[in-house]
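Here are the chains, one letter per residue:
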Amino acid sequence: MERAFKKSVQSLDAIFDFLDEGFEAFHVEESARFSIRFGVEEIFTNMVKYNPGGRDDVKVMIAREGRQFSVRLVDSEEHPFDPRLSKEVDLESPIDEREPGGLGLHLTKEFMDRIEYDHQNHTGSVTLIKYLEK
Amino acid sequence: MFSVTFKDKNAVALSGRLDASQTDAARLEFDKITESAVMDFKNLEYISSAGLGILFATQKRLKSAGHGLKLINLNSHIRDVFRYARFEMIFEIE
């Protein structure tokens, strides 16, 4: 399944609807859906915030192979940004010293079983992978 | 759809999905909280890191004035988010 979405946070409702279609089509268990929504929102909003140039849409592809469910987000990208290499987040400081920045990618790494990244021909793609129980 | 309902000035209920498209609306509502309050997550289905950021800023503002939020009725997924973010150290969660 594949669809393109305008690069705006206002696309999130439509993206969640598309994910729901994918969850139903590929029989994704309820317990995995929250994590996948979380990861997709994080990667998509990063593309909106940090890569506003280039094409104005992001392609989202959903697939399942055996127990491996994947969502791939593809964006035009001049400068590679590998989300797997995002800096460590300070999780231990008291509230007055702590900043929430970077938390989204940290949590995405916690929620997903694997993240793949590829950059070529001015195009970046991030693939979020979740292993399903059945 | 995301909404905030004030039962009174110390009791707030959230419902729906607090994602990045809802942060402006959430910030407007949370800015109305000026003292310690209980925030009920019973009908909140989903929160993203953008939502966490708004909650964090609200808690930071309240704490600096000697107040704070108590969060109740978190579903298991949202509880995981708070645990992975170590937000149990920042909020009172019941």
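Treat the numbers as computed from the prediction; the structure is a model and nothing was measured.

Draft legend 1. Just the nonpolar core, in detail. Counting residues in each nonpolar core, the largest one holds 66 residues, and the members touching the most others are L73 of chain A together with F30, M39, F41 and F82 of chain B. With nine residues, the top contributor of residues to this core is helix α2 (residues 30-50) of chain A. With residues up to four places along the chain from it excluded, the contact list for M39 of chain B reads V12, L14, F30, I33, L55, L69, K70, L71 and I72 of chain B.

Draft legend 2. Spotlight on the sheet that holds strand β5 (residues 92-93) of chain B. Residues and elements named next belong to chain B. Taken in spatial order, the five strands of this open sheet run β1-β2-β3-β4-β5, and their pairing is mixed. The open sheet has two edge strands, β1 (2-8) and β5, and neither has a second partner. Where β1 and strand β2 (residues 11-18) come together, six bridges link them in antiparallel fashion. From the neighbouring strand, T5 faces β2, where its bridge partner is A13. Where helix α1 (residues 23-30) meets the sheet, it contacts β1, β2 and β3 (37-47), and its direction lies at approximately 10° from that of β1.

Draft legend 3. Focus on the interface of chain A and chain B. Counting residues at the interface gives 26 residues for chain A, matched by 25 residues for chain B. At the boundary of chain A with chain B, total buried surface from both sides reaches about 2200 Å², with 66% on carbon and sulfur atoms. The largest share of the area that chain A buries against chain B comes from F34, I95 and R98 of chain A, three residues that together contribute 30% of it. Seen at the junction of chain A and chain B, the total is two salt bridges. The partner of R17 of chain B in a salt bridge is D13 of chain A, and the shortest N-O contact between them spans 2.6 Å. At the junction of chain A and chain B, the tally comes to 11 residue pairs in polar contact (both at pLDDT 80 or more). If one sorts the elements of the side of chain A that touches chain B by residue count, α2 of chain A sits on top with seven residues. Along the lines of polarity and charge, the residues of the side of chain A that touches chain B split into 11 nonpolar, six polar and nine charged.

About the cut-offs
Residues numbered from 1 in each chain as written. Chains lettered and ligands numbered in written order. Predicted model: local features only at pLDDT ≥ 70, side-chain atom pairs only at ≥ 80, totals over all residues. Heavy atoms only, no water. Core = buried A, V, L, I, M, F, W, Y, C linked by side-chain atoms within 4.5 Å. Buried < 20%, exposed > 50% of the residue type's maximum accessible area, 1.4 Å probe, protein only. Helix = DSSP H or I, 4+ residues; strand = E, 2+ residues; numbered from the N terminus. Contact = heavy atoms within 4.5 Å. Pairing = 2+ DSSP bridges. Axes fitted to C-alpha atoms, helices over the stretch in contact; angles between N-to-C directions. Buried area = accessible area lost by both parts, 1.4 Å probe. Salt bridge = Lys/Arg side-chain N within 4 Å of Asp/Glu carboxyl O. Polar contact = N/O pair within 3.5 Å; in protein donor to acceptor, adjacent residues only side chain to side chain. Nonpolar A, V, L, I, M, F, W, Y, C, P; charged D, E, K, R; others polar.

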